[in-house]
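This is what each chain is made of:
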Amino acid sequence: MARIIVVEDEDDLRDDLVDYLTRCGFRVRGANSGAALDGLLQAEDADIIILDVNLPDEDGFSVAQRVRLASKTAVMMLTGRSGLIDRVIGLELGADVYLVKPVDFREVEAQVKALLRRLQKSAPPSPVAPTPVPAPAPAGADAKKLWVFDDIEWWIQPPGGAAVPLTATEYKFLSLLVATPGEPVTRQAIAFALTGRDWDPYSRSIDSLVRRLRIKVEEQSGQALPVQSVHGVGYAFVGAVAMGGNGKGAE
């Protein structure tokens, strides 16, 4: 039974959501603050944390960042803060889903089930990293030098290295680049795919995302991510890449 914690300081909303998800068949606990969440996590881990931003002791962004650094628990932001900057910050700090209040509980249920499916698919059967079975290598490519991008289970794996799981934002970013390896993708296209808005030339959010992703991939796989900045345009994936999981090779 999936374990869920709802972190919400509005008592009625928290109680109603806990009751609804419990009736959906999940094991649900409620917390009204970041400190209360910490207490629950000390007693038992959670599979998904549904997290408000405006909490009395610590803002939800900070809580999400702590959770992401300490565990692989999925995070769903559920907040009244609908601004673009808030969405970008939430996703960049590791939230897998960002929902804006008011929201129908059926949508929350659907997002929970989608996150659980992803968690089940990405969980390795043993401590050994998953071994992908990629499609045939692109013409002229050395299979031993291929990166593998899995668009079903959301991970990327360097040649000879460990698979690195991706957040929703990281997945969206890389899926754009590996679709046309070697070809630059504009910042406008990246911004629209990540936020649904036009690119703000004064924002450094895309560069920050790339910097953190490079560090993450190198730390977890031991190899440098072949994502290259193209001055005045955007970013390009400059390594040989194949798609894993769905059997489709990158063109």
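Whatever comes next refers back to the structure up there.
As a convention, each chain's residues are numbered from 1 in the sequence order in which they are written. Reporting of local features is limited, given that this is a predicted model, to residues whose pLDDT is at least 70; pairs of side-chain atoms are given and counted only at 80 or more, and all residues count toward the totals for whole chains, interfaces and linings. Hydrogens and water are ignored here; the side-chain numbers use all heavy atoms of the structure.

Asker: Mind showing me how you'd approach the pattern of salt bridges here?
Answerer: One side chain can pair with another of opposite charge once the charged atoms of both are near each other. When a carboxyl oxygen of Asp or Glu is within 4 Å of a side-chain nitrogen of Lys or Arg, the pair counts as a salt bridge. Going through the model one piece at a time under the given rule, you end up with 18 salt bridges. The partner of Arg212 in a salt bridge is Glu92, with the nearest N and O atoms 3.4 Å apart. With Arg212 in helix α8 (residues 205–221) and Glu92 in helix α4 (residues 84–92), this residue pair connects regions lying 120 residues apart in the sequence. Here Arg187 and Asp207 are joined by a salt bridge, their closest N and O atoms 3.0 Å apart. Note that Arg187 is positioned in helix α7 (residues 187–195) and Asp207 in helix α8, a separation of 20 residues in sequence. The residues Arg187 and Asp207 share a single accessibility class, namely buried. The numbering of helices and of strands both runs from the N terminus, where a helix is a DSSP run of H or I of at least 4 residues and a strand a run of E of at least 2. Throughout, exposure labels follow a simple rule: accessible area from a 1.4 Å probe, protein chains only, divided by the maximum for the residue type, with under 20% read as buried, over 50% as exposed, and the rest as partly exposed.

Asker: Just to check I follow, could you spell out unusual backbone geometry for this structure?
Answerer: The bulk of non-glycine residues show a negative phi, and the bulk of peptide bonds are trans. In the segment running from Lys101 into Pro102, the intervening peptide bond is cis, with an omega of -5 degrees. By secondary structure assignment, the location of Pro102 is in the loop between β5 (97–100) and α5 (105–122). The backbone of Trp154 sits at a positive phi, close to 65 degrees, despite the residue not being glycine. With respect to the secondary-structure elements, Trp154 resides in the loop between β6 (147–150) and β7 (155–157).

Asker: When you look at the sheet that holds strand β11 (residues 234–237) in this model, what are you seeing that I'm missing?
Answerer: The pairing of strands in a sheet comes from backbone hydrogen bonds and takes either a parallel or an antiparallel form. Overall, antiparallel pairing links the 3 strands, which are arranged β9-β11-β10 in an open sheet. Either end of the sheet is taken by a strand with one partner, and the two such strands are β9 (185–186) and β10 (227–230). Taken together, the 2 bridges between β9 and β11 define a ladder with antiparallel strand orientation. Its bridge partner lying in β11, Val185 is registered against Tyr235. Against the sheet, helix α6 (residues 168–179) makes contact with β9, β10 and β11, and its axis sits at roughly 65 degrees relative to β11, the strand it touches most. Should DSSP find at least two bridges between two strands, the strands are taken to pair. In what follows, a contact means two residues having at least one pair of non-hydrogen atoms within 4.5 Å. Lines fitted to C-alpha atoms define the axes, with helix axes restricted to the stretch in contact, and inter-axis angles between N-to-C directions lie between 0 and 180 degrees.

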